[in-house]
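# Observations on the three-dimensional arrangement
Here is what each chain is made of, one letter per residue.
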Amino acid sequence: HDMGLIACLYFPLLAGIPSLHFSASDWLLRPELLFHFIQRYQASLCWLPNFAFSYMARRRETMSGAYSLTNMRAWINCSEPVRRKSLRDFAEQFSDWGVAAQALQSSYAMAENVFAVTQSRPDRCLATVPRAKVKGASSSSGSDGFELIDDEYVSSGRCLKGMSIRIIGADGAPCPDFVAGEIQLRTRCMFEGYWDRDGFRRDVFTEDGWYRTGDFGFAANDEIFVIGRMKDIIIVAGQNIFPEDIEVLTSQVPGVHPGRVVAFGVDNDELGTQSIGLVAEMSGEFEPAKADRMERDIQTLVVAALGVAPRFVRVVPERWIVKSTAGKISRRDTRNRFLNEALAGMELQNATRS
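Residue indices follow the written sequence of each chain, beginning from 1 at its first position. Only residues with pLDDT of 70 or above have their local features reported here, since the model is predicted, and side-chain atom pairs are shown and tallied only from 80 upward, although totals for entire chains, interfaces and linings are computed over all residues. Processing note: side-chain calculations cover all non-hydrogen atoms of the structure and skip hydrogens and water entirely.

## Digging into the packing of aromatic side chains
Each aromatic ring pair is summarised here by two numbers: the centre-to-centre distance and the angle between the ring planes. The condition that has to hold: Between rings of Phe, Tyr and Trp, where Trp is taken as its six-membered ring, a pair exists when centres lie within 6.5 Å; planes separated by under 30 degrees are stacked, by over 60 edge-to-face, and by other angles tilted. Per the convention used, a helix needs a DSSP run of H or I reaching at least four residues, while a strand needs a run of E reaching at least two, with both numbered from the N terminus. Residue exposure (1.4 Å probe, protein chains only): buried if accessible area is under 20% of the type maximum, exposed if over 50%, otherwise partly exposed.
All told, the structure shown has 25 aromatic pairs when counted by the stated rule. Taking the centre distance of 5.2 Å and the plane angle of 85 degrees together, the rings of tyrosine 67 and tryptophan 97 count as edge-to-face. With tyrosine 67 in the loop between helix H4 (50-58) and strand E2 (74-77) and tryptophan 97 in the loop between helix H5 (84-94) and strand E3 (104-109), this pair connects stretches of sequence that are 30 residues apart. Judged by its relative accessible area of 10%, tyrosine 67 is buried.

This is the structure we're talking about:
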C-alpha cells in the first residue's frame, strides 16, 4: 500500500539506502522484533500507524531484550489520526532505550496523492491544540483519577512543497484556523479519479479542482490537524461523536485486543437519530462470562468520558472484525457484519429474557 510501497520501498531505492522488511504478523506476535532489527541494522527512520505506538507501549513488559534506539532520527506517525497519549506512552516506555520525544514525528499521507501531503519538523516536538479551542470538534466530559482520551489534538505537520490544503465547512465556505471541516487537497502529484464497476469517476473533485478527501480536521498556525473520517462521524441527538475516541477508550479496558475495536453509528428510527454501536475483540480464548463483564465495563467507561452511552456493545472472539485488502480494519464491513449477525442475535437474546 502507499505507506509501505512509497516510504519503505521506492523511497529507499531512489535515495540509494538499504531498507528492511519483515512480516507484519511476526511483528504482532513479537513486537520487539522491530527494535531488534533497528539496533542490528542501525536503522534511522520508521513509519508506523498510530495504533502501533500504543501496541508496543502496552507490550513492553513482555519484551525480554534491551536495545539501543539512539540512532533513530524519526519515528513517523502516519496513516491514522495522531494521538498524544499513544506517543507519550511510547516515549515513556522506551526512553531508557533511547527514544527521544523530539524524534516522535507525524505525517498526513494518502495513496491518492502518491504519498505524503504534510510532514512535521524533525527537530521539534509536535504541536498540539486543546480540544476546547476547536469549533466543531467533540469534547470529553472527563473523569476523575485517570485520563480517558486526549484533551489535545496533535499536528500532522505543515504542507510539503507543491502541496496545498484548505478546510471547507458544511456551508461550502473556507474555515478559519481552529474551525473543523473537510480537508481538501490540490497538489502536483494528485491522482485523476477512481476506477470502479461503473467506470472512471471524477466526482471526488470540486468544480475548481480540489480533491475532497472525506477527512475531517482543522488548520492552526500553518499546521494541519486530522480528527477522523467525515463519513464515520456518529451524530447522537445533534452531538458529533468521533468513533476514534470511542475506540481509544475501549482499548483501555482489560481483556480487549489492542487496536481491534470498531465503533459506528446505527440508525435509530424510533428516536430519529443515531445510536452508537461498538464491537471489540477479546484477547486470547473467548469466554462468554468475561465478555459480559467487559461489555459492562466498556459502557461505563464511554459514558464517563463522553457523556453518552453506546446502545449496542458486543465483545467478540479474535479475528471477528473485518479487514480490508490493505490490511486495515474496515469500519463499513464490520458494521454490516454486526447488523447482519451480532445485532440480530442480541435482539433475539433480549426478547428471550423479557
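Structure shown, so let's carry the discussion forward.
## A word on the nonpolar core
The criterion, for reference: Residues enter a nonpolar core if they are buried and are Ala, Val, Leu, Ile, Met, Phe, Trp, Tyr or Cys, with the set joined through side-chain atoms within 4.5 Å. By definition, residues are in contact when any of their heavy atoms lie within 4.5 Å.
One finds Phe35, Met56, Trp75 and Phe90 to be the most contacted residues of the largest nonpolar core, which totals 26 residues. Elements with a contribution of two residues or more to this core: helix H3 (33-41), strand E1 (45-48), H4 and H5. Excluding residues that lie within four positions of it along the chain, phenylalanine 90 makes contacts with Phe35, Phe53, Met56, Ala57, Trp75, Val99 and Leu104. Residues Ile234, Ile246, Ala263 and Leu278 belong to the second largest nonpolar core, which totals 23 residues.

## Some thoughts on the sheet that holds strand E18 (residues 312-316)
Let me state the cut-off plainly: Two strands qualify as a pair provided DSSP detects at least 2 bridges between them. Interaxial angle, 0 to 180 degrees, is taken between N-to-C directions of lines fitted to C-alpha atoms, where a helix line uses only the stretch in contact.
Reading across the sheet, the 3 strands line up as E16-E17-E18 and stay open at both edges, with mixed pairing between neighbours. Both outer strands of the open sheet, strand E16 (256-268) and E18, are each paired with one neighbouring strand and no more. Sheet twist, expressed as the mean angle between neighbouring strand axes with direction ignored, is 20 degrees. Of the pairings in the sheet, the one linking strand E17 (residues 273-282) to E18 comprises 5 bridges and is parallel in character. Bridge pairing in E18 links glutamate 281 to valine 316. Across the sheet, helix H7 (residues 288-306) lies against E16, E17 and E18, angled at about 140 degrees from E18, the strand it touches most.

## Considerations on unusual backbone geometry
Residues other than glycine seldom take positive phi values, yet asparagine 221 does so here, at roughly 55 degrees. Inspection of the secondary structure assignment puts asparagine 221 in the loop between strand E12 (211-220) and strand E13 (223-229). What makes asparagine 221 exposed here is its relative accessible area of 54%.

## Topic: the pattern of salt bridges
For clarity, the threshold we go by: Counted as salt bridges are all cases of a side-chain nitrogen of Lys or Arg within 4 Å of a carboxyl oxygen of Asp or Glu.
Evaluation of the coordinates by the stated rule reveals 19 salt bridges. Aspartate 151 is paired through a salt bridge with arginine 84; the nearest N and O atoms lie 3.3 Å apart. One end of the pair, aspartate 151, is in the loop between strand E5 (128-130) and strand E6 (152-154); the other, arginine 84, is in helix H5, with 67 residues separating them in the sequence. For arginine 84, a relative accessible area of 23% translates into the label partly exposed. The closest approach of N and O atoms between aspartate 232 and arginine 331, which form a salt bridge, is 2.7 Å. Of this pair, aspartate 232 sits in the loop between E13 and strand E14 (234-236) while arginine 331 sits in helix H8 (residues 331-353), and the two are 99 residues apart along the sequence. A residue is classified by how much of its surface remains accessible, and aspartate 232, at 14% relative accessible area, is buried. Here arginine 331 falls in the buried class, since its relative accessible area comes to 17%. Linked by salt bridges that have partners in common, Arg83, Arg131 and Asp245 make up one network.

## Some points on the packing of helix H6 (residues 243-250) against H7
The following threshold applies: With respect to orientation, any angle under 35 degrees is reported as roughly parallel, any angle over 145 as roughly antiparallel, any angle of 65 to 115 as roughly perpendicular, and every other angle as oblique. Crossing handedness follows the turn of the near helix against the far one: under a right angle anticlockwise gives a left-handed crossing, and clockwise gives a right-handed one. Ten residues, namely Ala, Val, Leu, Ile, Met, Phe, Trp, Tyr, Cys and Pro, are considered nonpolar, four, namely Asp, Glu, Lys and Arg, are considered charged, and the remaining ones, Gly among them, are considered polar.
Where H6 contacts H7, the axes come no closer than 10 Å and their chain directions differ by 130 degrees. Considered as vectors, H6 and H7 are oriented oblique to each other. Classified by chirality, the crossing of H7 by H6 is right-handed. Of the residues in H7, those touching H6 at Ile246, Leu249 and Thr250 are Ile298, Leu301, Val302, Ala305 and Leu306. When the residues that make up the contact of H6 with H7 are grouped by side-chain class, the tally is 7 nonpolar, 1 polar and no charged.

## Notes on the pairing of strand E9 (residues 181-187)
Among the 7 residues in E9, 6 count as buried, and that is most of the element. With 6 bridges connecting them, strand E8 (residues 163-168) and E9 associate as antiparallel partners. When the sheet's bridge partners are listed, methionine 163 is paired in E9 with threonine 187. Summarising the sheet, E9 and E12 pair through 4 bridges and their orientation is antiparallel. Each residue of the ladder has a partner; that of glycine 181, found in E12, is glycine 217.

## With respect to the sheet that holds E13
Strand order in the open sheet formed by 4 strands is E8-E9-E12-E13, with antiparallel pairing between adjacent strands. Each having just a single partner strand, E8 and E13 make up the two edges of the open sheet. Across the sheet, the mean angle separating the axes of adjacent strands is 50 degrees when strand polarity is ignored.

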